[in-house]
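Observations on the three-dimensional arrangement
The lines below spell out each chain.
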Amino acid sequence: KQWYQRRVRAEFSGEPTLEEFVRYTTTKKISENWVLHDIHFRPQYTFISPERVRYDYVIPIEFVESMSRDFFTKTGLDIRLPGSYDKESDPRLQSSVLKAKEMFSKLDPELIDKFYNVYKKDFMLLNYSNFTDPSFPFPILN
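These remarks concern the structure in this document. Not measured: the values here are computed from a predicted model. (Residues numbered from 1 in each chain as written. Predicted model: local features only at pLDDT ≥ 70, side-chain atom pairs only at ≥ 80, totals over all residues. Heavy atoms only, no water.)

A complete count under the given rule lists 4 salt bridges for this structure. Here Glu 51 ties to Arg 52 by a salt bridge, and the two come within 4.0 Å at their closest N and O atoms. We classify Glu 51 as exposed; its relative accessible area is 59%. A salt bridge links Lys 106 to Glu 102; the shortest N-O distance between them is 3.7 Å. Its relative accessible area of 64% is what places Lys 106 among the exposed residues. Here the salt bridges share partners, and the residues they tie into one network are Lys 99, Glu 102 and Lys 106. (Salt bridge = Lys/Arg side-chain N within 4 Å of Asp/Glu carboxyl O. Buried < 20%, exposed > 50% of the residue type's maximum accessible area, 1.4 Å probe, protein only.)

Ranked by size, the top nonpolar core spans 17 residues in total, and within it Phe 21, Val 22, Phe 104, Phe 115 and Tyr 119 carry the most contacts. For this core, the secondary structure elements donating two or more residues are α2 (18-27), α6 (109-118) and α7 (120-126). Considering every element that reaches this core, the biggest residue donor is α6, with 4 residues. (Core = buried A, V, L, I, M, F, W, Y, C linked by side-chain atoms within 4.5 Å. Helix = DSSP H or I, 4+ residues; strand = E, 2+ residues; numbered from the N terminus.)

Turning our eyes to something else, we now look at the packing of aromatic side chains. In this description, an aromatic ring pair is defined by two values, namely the gap between the centres and the angle between the planes. In this structure the tally under the stated criterion is 5 aromatic pairs. Ring geometry for Phe 115 against Tyr 119: centres 5.2 Å apart, planes inclined by 65°, an arrangement best described as edge-to-face. Assessed through its relative accessible area of 6%, Phe 115 is described here as buried. Among the aromatic residues, ring-to-ring pairing joins Phe 21, Phe 41, Phe 104, Phe 115 and Tyr 119 into one connected group. (Phe/Tyr/Trp six-rings, centres within 6.5 Å; stacked < 30°, edge-to-face > 60°.)

Viewed as axis vectors pointing N to C, α2 and α6 meet at an angle of 60°, and their least axial separation amounts to 9 Å. Compared by their axis directions, α2 and α6 come out oblique. Here α2 and α6 pass one another in a crossing that is left-handed. Taken together, the residues of α6 that come into contact with α2 (itself represented by Glu 19, Phe 21, Val 22, Arg 23, Thr 25 and Thr 26) are Leu 111, Lys 114, Phe 115 and Val 118. Taken together, the residues of the contact of α2 with α6 sort by class into 5 nonpolar, 2 polar and 3 charged. (Axes fitted to C-alpha atoms, helices over the stretch in contact; angles between N-to-C directions. Parallel < 35°, antiparallel > 145°, perpendicular 65-115°, else oblique. Left-handed = near helix turned anticlockwise from the far one by under 90°. Contact = heavy atoms within 4.5 Å. Nonpolar A, V, L, I, M, F, W, Y, C, P; charged D, E, K, R; others polar.)

Spelled out as structure tokens, the structure:
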């Protein structure tokens, strides 16, 4: 935690705003970008390695309660996963999503697209729409 706090103080004049975080993430080279080396912010595909490991199921946190029930029924396992942080059943209406949409709506769409590209493989893995899509984060259902 101290390492993180030193890095944040070195880069920003306090806790970064969303815009500062997005700009930093999209303008620094990967090798110089400490944000993308922090496991909390690093794109998930870099450590779950979907190109090397075959996954039968990838369950987005927004759907963990409903999709895990289906998964456990199909696999015959008798355990439960905790639900998402927000009990709203429609992910588009979860408080964290509404707050994210509000915050992203204040950013330049070009900057949002650059940020999306940093995490694009994660979005593709989860079949999510872009931040600017009205149905975000609802997976694009086929």
